[in-house]
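# Examining the three-dimensional arrangement
Listed below, chain by chain, are the residues.
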Amino acid sequence: DTAVSQTPKYLVTQMGNDKSIKCEQNLGHDTMYWYKQDSKKFLKIMFSYNNKELIINETVPNRFSPKSPDKAHLNLHINSLELGDSAVYFCASSQAQGGEQYFGPGTRLTVT
Amino acid sequence: GDSVTQMEGPVTLSEEAFLTINCTYTATGYPSLFWYVQYPGEGLQLLLKATKADDKGSNKGFEATYRKETTSFHLEKGSVQVSDSAVYFCALAPRAAGNKLTFGGGTRVLVKP
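On a predicted model such as this, the values are computed, not experimentally measured, just so you know.

The next thing to look at is the state of the cysteines. Here the structure, examined in full by the defined rule, presents two disulfides over all chains. In this model, A:C23 is linked to A:C91 through a disulfide, with the two sulfur atoms separated by 1.8 Å. Disulfide A:C23-A:C91: torsion about the S-S bond near -75 degrees, hence left-handed. Linking A:C23 in strand β3 (residues 19-25) with A:C91 in strand β9 (residues 87-94), this pair joins segments that are 68 residues apart in sequence. Of the two residues, A:C23 and A:C91, neither departs from the other in class, the shared state being buried. One disulfide in the model links B:C23 with B:C90; its S-S distance is 1.9 Å. Taking the sign of the S-S torsion, about -70 degrees here, the bridge from B:C23 to B:C90 comes out left-handed. Here B:C90 lies in strand β10 (residues 86-93) and B:C23 lies in strand β4 (residues 23-26), a separation of 67 residues in the sequence.

Put into structure tokens, the structure is as follows:
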């Protein structure tokens, strides 16, 4: 009965490859997010979707493309992976007007 | 733009010691304020929150009070345990639509037996 789940938990790949990370929430929330956490634990929002519609895009390179097939899912596709993309990526969800966000367990991406 | 500043760690304490982590913020209007905790190898969990001035959030022995006059939301716990070892993040969310959380840099806390 995990509230926010992500797959895979670990992802190791080579530069130049394309990869996807999936996120699902079973909380009935309207809004979902992707965050990036760097090696120093600094967290920064990347995208936010509300009812499948993009509402926040924080100057992320266009190699990153979020896709929301329905309001319970928000996937992150990354093209032409670079070394600097290595990080932990967290998915989160919340009610549209609420302040509390629920986070997934994270996906550790390592680009070699 | 909005920003959150919290004390840099690591903070190393002995069990049963008093913990304070300072957090100050800059924001337009009156945001909601949060403390999140990240245990080793896990995602973030909401620890406590406050939505208006003078509100006190509390959970698991932790407390923080929303101080509008000093734009602060300091986290305190009277007696820490080894299990409190984690990274703590202060965050704010504006009341406008979009609900974007802005995080501080995180403070690593290590409690030794």
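That shown, we press on.
Residue and element names in this part refer to chain A. The four strands are arranged β1-β3-β8-β7 in an open sheet whose pairing can be described as antiparallel. Only two strands of the sheet have a single partner each, and these edge strands are β1 (4-7) and β7 (64-70). Taken pair by pair, the neighbouring strands of this sheet meet at an average axis angle of 20 degrees, ignoring direction. Of the strand pairs in this sheet, β3 and strand β8 (residues 73-78) are connected by four bridges, and their pairing is antiparallel. Along β8, the bridge assignment pairs K19 with I78.

Here we come to the side chain of B:T65. Residues and elements named next belong to chain B. With respect to the helices and strands, the residue T65 is situated in strand β8 (residues 62-65). Exposure remark for T65: the relative accessible area of 17% places this residue in the buried category. In contact with T65, not counting residues within four places along its chain, are D54, D55, K56, S72, F73 and H74.

This part is about the interface of chain A and chain B. The interface of chain A with chain B comprises 24 residues on the first partner and 17 residues on the second. Carbon and sulfur atoms supply 54% of the area buried between chain A and chain B, which totals about 1,600 Å² over both sides. The interface formed by chain A and chain B holds one salt bridge in total. Here A:E100 and B:K49 are joined by a salt bridge, their closest N and O atoms 3.4 Å apart. Where chain A touches chain B, the interface holds three residue pairs in polar contact (both at pLDDT 80 or more).

Moving on: the sheet that holds β8(B). Residues and elements named next belong to chain B. Taken together, the four strands give an open sheet; going across it, the order is β3-β9-β8-β7, and neighbouring strands pair in antiparallel fashion. Sheet topology places β3 (19-21) and β7 (56-59) at the edges, where each strand pairs with a single neighbour. Between one strand and the next, the sheet's axes are offset by a mean angle of 15 degrees, whatever the strand orientation.

Before going further, it helps to spend a moment on the environment of A:Q14. Residue and element names in this part refer to chain A. If you trace the backbone, Q14 turns up in the loop between β2 (10-13) and β3. On the accessibility criterion, Q14 (52% relative accessible area) is exposed. Separated by 51 residues in sequence, Q14 and S65 have C-alpha atoms that sit 19 Å apart. For Q14, the contacting residues outside a window of four places in its chain are L81, V111 and T112.

Moving on, we come to the nonpolar core. Inside soluble globular proteins, nonpolar side chains tend to come together where they are buried. Formed by 26 residues in total, the largest nonpolar core has its most connected members in B:W35, B:F73, B:L75 and B:Y88. Residue assignment for this core shows that the elements contributing at least two residues are β2 (11-14), β3, β4, β5 (32-38), β6 (44-50), β8, β10 and β12 (107-112) of chain B. Top element by residues in this core is β10(B). It accounts for four residues. Membership of the second largest hydrophobic core comes to 20 residues, among which are A:L11, A:L76, A:A87 and A:Y89.

About the thresholds
- Residues numbered from 1 in each chain as written.
- Chains lettered and ligands numbered in written order.
- Predicted model: local features only at pLDDT ≥ 70, side-chain atom pairs only at ≥ 80, totals over all residues.
- Heavy atoms only, no water.
- Disulfide = S-S within 2.5 Å.
- Helix = DSSP H or I, 4+ residues; strand = E, 2+ residues; numbered from the N terminus.
- Buried < 20%, exposed > 50% of the residue type's maximum accessible area, 1.4 Å probe, protein only.
- Pairing = 2+ DSSP bridges.
- Axes fitted to C-alpha atoms, helices over the stretch in contact; angles between N-to-C directions.
- Contact = heavy atoms within 4.5 Å.
- Buried area = accessible area lost by both parts, 1.4 Å probe.
- Salt bridge = Lys/Arg side-chain N within 4 Å of Asp/Glu carboxyl O.
- Polar contact = N/O pair within 3.5 Å; in protein donor to acceptor, adjacent residues only side chain to side chain.
- Core = buried A, V, L, I, M, F, W, Y, C linked by side-chain atoms within 4.5 Å.

So far we have only geometry, and geometry alone does not tell us how the molecule works.
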